[in-house]
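Letter by letter, the chains look like this.
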Amino acid sequence: MGGKRKTNENEGMEGEEDSKHNIKKMEKEKSEILPSSIKNKEKRSAVHAKLKHQKKLDKRKKLKARDAAAKRALELGEEPPPKQIPRTIENTREADETVCMPDDEELFAGNDADEFSAVLKQDRTPKILITTCRFNSTRGPAFITELLSVIPNSHYHKRGTYDLKKIVEYANNKEFTSIIVVHTNRREPDALLIIGLPDGPTAHFKLSSLVLRKDIKNHGNPTSHEPELVLNNFTTRLGHRIGRLIQSLFPQSPNFRGRRVVTFHNQRDFIFFRHHRYIFETKEIKQSESKGKKAKDTKGESISKEKVIARLQECGPRFTLKLVSLQHGTFDTKGGEFEWVHKPEMDTSRRRFFL
Amino acid sequence: MQHDEVIWQVIRHKHCSFMSKITTGIFCRNPYNVTGICNRSSCPLANSRYATIRDHDGVFYLYMKTIERAHKPNDLWERVKLPRNYEKALELIDKHLMYWPKLLVHKIKQRLTKMTQMRIRMRKLALKTREKIMTTPRKEKKREARREEKAEKAAVLDKAIEKELLARLENGIYDGIYNLPFNKFLQTLDTDDLQAEDENEEESEVEYVEGNFELEEEDDIEDLGMKDYHIDEEVDDDDDDDDDDDDEVNAVEEQRVRRKSKPAHEKSEKDEFGKKLKKRPRIHVEVEHEGGERQKVTF
């Protein structure tokens, strides 16, 4: 093995021809030194440890070189070399062809024709019916009282033993725009069913990480102003539809003076719900003149600059939703048409998300 | 020939595969048992003349076993289909088991009654919707929990929300409500005072339309001393720019402002939110003899 390596190095030094040669050389080297091909455990682990150590040294060297280059560039007054972008799951997400584009005519036409357009165009004010599954205990009722305070114009009715289909009929008669069913399992709310009315879609969410208001440190108390809605990262068509479903739960004319914001943030198919009261403030940043980087205002050579920041005070519950299924009509698991169902085979890739 | 006794002795005292003992009694798992209890008279193995009722898909059958067929296990049990109607079934049982011991016939009729009741109840329940219990493999639950944690860390929620709110502020959605950045606003005020007042009066009309609750807030803000412009209470207190207000406010009012804002500064900022709501009634009293003219304008 040693002999082969030497000859390769010689070749490399002598002929600097195409990259093809280099690639072939590297491949040969890889196939030679690959630890998994060594059958002897001691030898194999030794080779592997050596490889790892080598990699670590290389990495450290690279980092030092990068830092030195940046420092040098700064001293000289030039621009430092461009920073490398770290690779994240969001960066390397599998390309999804259903991502909504900003100039999609079909999307807008679809929006006009879908079930939420009546509520979202302010023809109907949202009126929500909240109920539970047949057995409701422990944290369920507390969660429901908090939901009642978050969503304006919502009403709670006890479940009784009515069929869900009957409840949908009843709600239609009483002119509700949506039904929310909080499902409890093992004395913890663990699923949320949002049914749009009159014939809107049924979205089934899995609920997790519920933190009630009293368990949040320094929580605030929400007022009854209409909240602002923040929906982040609902990129695909399915995500867009879910976003509109959530939007149809809240009134479309937020009261900005109330400074109340409700956030549904989608990250890797988990929808995080937060409820805050916010306030804008000016914060003074004292800079020394040597740091030329943070030049936000061009106020000449002023030492202290002001920046507008937003401060949040959390109030209300905090929970996470994950979409399990989206069904086209109102609740009908046997005969309904499912637009999207979560299947275990969808979880095989760590870079594939649907919302 | 008639070795029922022997069979029973062996079964009861040695071992019977169908017997199961629980805390409340001894039961027999044999499907042909009438009562389900392990008894000398209820054991289908230890009685050469025996009968039962069994149920297949909602149809009841009367099974009979006689000693004449005891040597032919394949043809041992004779089956008769019972009619759906309860009374007719009872008559049929009587007919077939006419000369059989009365105890057994009685037991069989009791069993028939019980089974018909159960059949009615099962049919009623099938019409109602029952919740189906689905199990999630533990691996999936753990996987989801792990992914959720990582997603929460990746979504730096507070920063994302703040960024979004600031973006909305930049876009101008909140125009007319906030006066930020503060210094620029003061500059514009210093340059043209009159123009600012006009604008503010227009604004006050707009506010009136939105609702009386808002008006109360505005009254308080004004009475904290900022006569000429509308600023949010919190911004007012937090800024250290009270000095700028000397020009525009009476000395007396200013003292009151200072006294109120100082304790606010000392306490934590978060308490201010709650405090503002509680402070309001107190301030309201003092307002009345100060800002009388302001109130006329707004109403």
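Located above this text is the structure these notes cover.
On a predicted model such as this, the values are computed, not experimentally measured, just so you know.

Student: Give me the lowdown on the overall build of chain B, citing residues and values where you can.
Tutor: For chain B, the helix and strand inventory stands at 12 helices and 5 strands. By residue count, 39% of the 299 residues in chain B fall in the buried class. In chain B, once contacts between residues fewer than 6 apart in sequence are set aside, the share between residues at least 24 apart is 48%. Carbon and sulfur atoms form 52% of the exposed surface of chain B, whose accessible area is close to 19900 Å².

Student: So what's going on with the pairing of strand β10 (residues 318-327) of chain A? Which residues, and what values?
Tutor: Residue and element names in this part refer to chain A. By the criterion of burial, β10 is predominantly enclosed, with 8 of the 10 residues buried. By the bridge criterion, 8 bridges tie strand β5 (residues 202-211) to β10 in an arrangement that is antiparallel. Residue Lys206 lies in a different strand from β10, and its bridge partner there is Lys322. Bridging between strand β8 (residues 270-286) and β10 involves 4 bridges; their strand directions are antiparallel. The partner of Ile271 across the bridge, within β10, is Leu321. Of the pairings in the sheet, the one linking β10 to strand β11 (residues 338-341) comprises 3 bridges and is antiparallel in character. In the sheet register, Leu326 faces β11, and the bridge partner there is Trp340.

Student: Please give an account of the packing of aromatic side chains that cites residues and values.
Tutor: All told, the structure shown has 12 aromatic pairs over all chains when counted by the stated rule. Relative to Phe264 of chain A, the ring of Phe250 of chain A lies with its centre 6.1 Å away and its plane at 65°, an arrangement referred to as edge-to-face. Placement of Phe250 of chain A in the loop between α8 (237-247) and β7 (260-267) and of Phe264 of chain A in strand β7 is noted, with a sequence separation of 14 residues between them. Phe264 of chain A carries the same exposure label as Phe250 of chain A, and that label is buried. Between the aromatic rings of Phe256 of chain A and Tyr174 of chain B, the centroid separation amounts to 5.2 Å while the plane-to-plane angle is 75°, which identifies the pairing as edge-to-face.

Student: Residues and numbers for the sheet that holds strand β5 (residues 77-81) of chain B, please.
Tutor: Residue and element names in this part refer to chain B. Overall, antiparallel pairing links the 3 strands, which are arranged β3-β4-β5 in an open sheet. Taken across any chain shown, the strands that pair with only one partner, and hence form the sheet edges, are β3 (50-56) and β5. Pairwise comparison of adjacent strand axes, ignoring direction, gives a mean angle of 30° for this sheet. Pairing geometry for strand β4 (residues 59-65) and β5, over 5 bridges, is antiparallel. Counted as the bridge partner of Tyr63 is Arg79 from β5.

Conventions adopted
- Residues numbered from 1 in each chain as written.
- Chains lettered and ligands numbered in written order.
- Predicted model: local features only at pLDDT ≥ 70, side-chain atom pairs only at ≥ 80, totals over all residues.
- Heavy atoms only, no water.
- Helix = DSSP H or I, 4+ residues; strand = E, 2+ residues; numbered from the N terminus.
- Buried < 20%, exposed > 50% of the residue type's maximum accessible area, 1.4 Å probe, protein only.
- Contact = heavy atoms within 4.5 Å.
- Areas by Shrake-Rupley, 256 points an atom, 1.4 Å probe, with all protein chains shown as cover.
- Pairing = 2+ DSSP bridges.
- Phe/Tyr/Trp six-rings, centres within 6.5 Å; stacked < 30°, edge-to-face > 60°.
- Axes fitted to C-alpha atoms, helices over the stretch in contact; angles between N-to-C directions.

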